[in-house]
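Secondary and tertiary structure notes
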Amino acid sequence: MQDKQTVLLFLEIFVIVIFLGLLSAVALPHAGQMLRESKAVSREAELVDIQTAVTKMLDDSTAGRLESVGPIADMSLVHTCDTPPLVLMDYLRNKKDISIKSGCVYSFASDGTVLQIAH
């Protein structure tokens, strides 16, 4: 009787291990794909925020152009050619947290073109 219960216990454990293996074989590739898509969406949103801020800053600028700079991740280094210069950091939506979360760096041309460089 004890041997029969032991065999049934091992059989149940075996079935559970196979089920978990199949579940992970299906779930892990999807989780990786979702993570990659999430990073791409985050990078795209960050670029749009920065481009929007640059456009607003150039609209307020009398010089109408930026000091070319890059590749950088510090938005406080991006400014116009005005005296005194307008600083991009002041135009970003969330001034309290101006860090680049995507891990990308950016280059800025004098005409306001923003280039995102992924790492």
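Re the overall build of the protein
- Of regular secondary structure, the protein possesses one helix and three strands.
- Along the chain direction, N to C, the helices and strands of the protein fall in the order α-β-β-β.
- Its C-alpha atoms give the protein a radius of gyration of 26 Å, clearly above 14 Å, the size a compact globule of 119 residues would have.
- Structurally, the protein occupies a C-alpha span of about 90 × 25 × 20 Å along its principal axes.
- Split into buried and exposed, the 119 residues of the protein put 20% on the buried side.
- Pairs at least 24 apart in sequence give 53% of the contacts found in the protein among residues at least 6 apart.
- Total accessible area computed for the protein in this model is approximately 8,500 Å², and 63% of it derives from carbon and sulfur atoms.
- Taking the average location of the 10 positive side-chain charges in the protein and that of its 14 negative ones, the two points are 5 Å from each other.

As for unusual backbone geometry
- For the bond from G70 to P71, the omega torsion is -5 degrees, close enough to zero to count as cis.
- On the secondary structure map, P71 appears in strand β1 (residues 69-72).
- A cis amide bond links T83 with the next residue in sequence, P84, at an omega value of -10 degrees.
- Inspection of the secondary structure puts P84 in the loop between β1 and β2 (105-108).

What to know about the side chain of D82
- The topology assignment puts D82 in the loop between β1 and β2.
- Buried charge D82 goes without a salt bridge, the closest partner of opposite sign being R65 at 8.2 Å.
- Among the polar contacts made by the side chain of D82, one reaches the side chain of T80 at a distance of 2.9 Å.
- Not counting the four nearest positions on each side in its chain, D82 is found in contact with S61, T62 and A63.

About the criteria used
- Residues numbered from 1 in each chain as written.
- Predicted model: local features only at pLDDT ≥ 70, side-chain atom pairs only at ≥ 80, totals over all residues.
- Heavy atoms only, no water.
- Helix = DSSP H or I, 4+ residues; strand = E, 2+ residues; numbered from the N terminus.
- Rg over C-alpha atoms; globule rule 2.2 N^0.38 Å.
- Buried < 20%, exposed > 50% of the residue type's maximum accessible area, 1.4 Å probe, protein only.
- Contact = heavy atoms within 4.5 Å.
- Areas by Shrake-Rupley, 256 points an atom, 1.4 Å probe, with all protein chains shown as cover.
- Lys, Arg positive; Asp, Glu negative; His and termini not counted.
- Charge placed at Lys NZ, Arg CZ, Asp CG, Glu CD.
- Salt bridge = Lys/Arg side-chain N within 4 Å of Asp/Glu carboxyl O.
- Polar contact = N/O pair within 3.5 Å; in protein donor to acceptor, adjacent residues only side chain to side chain.

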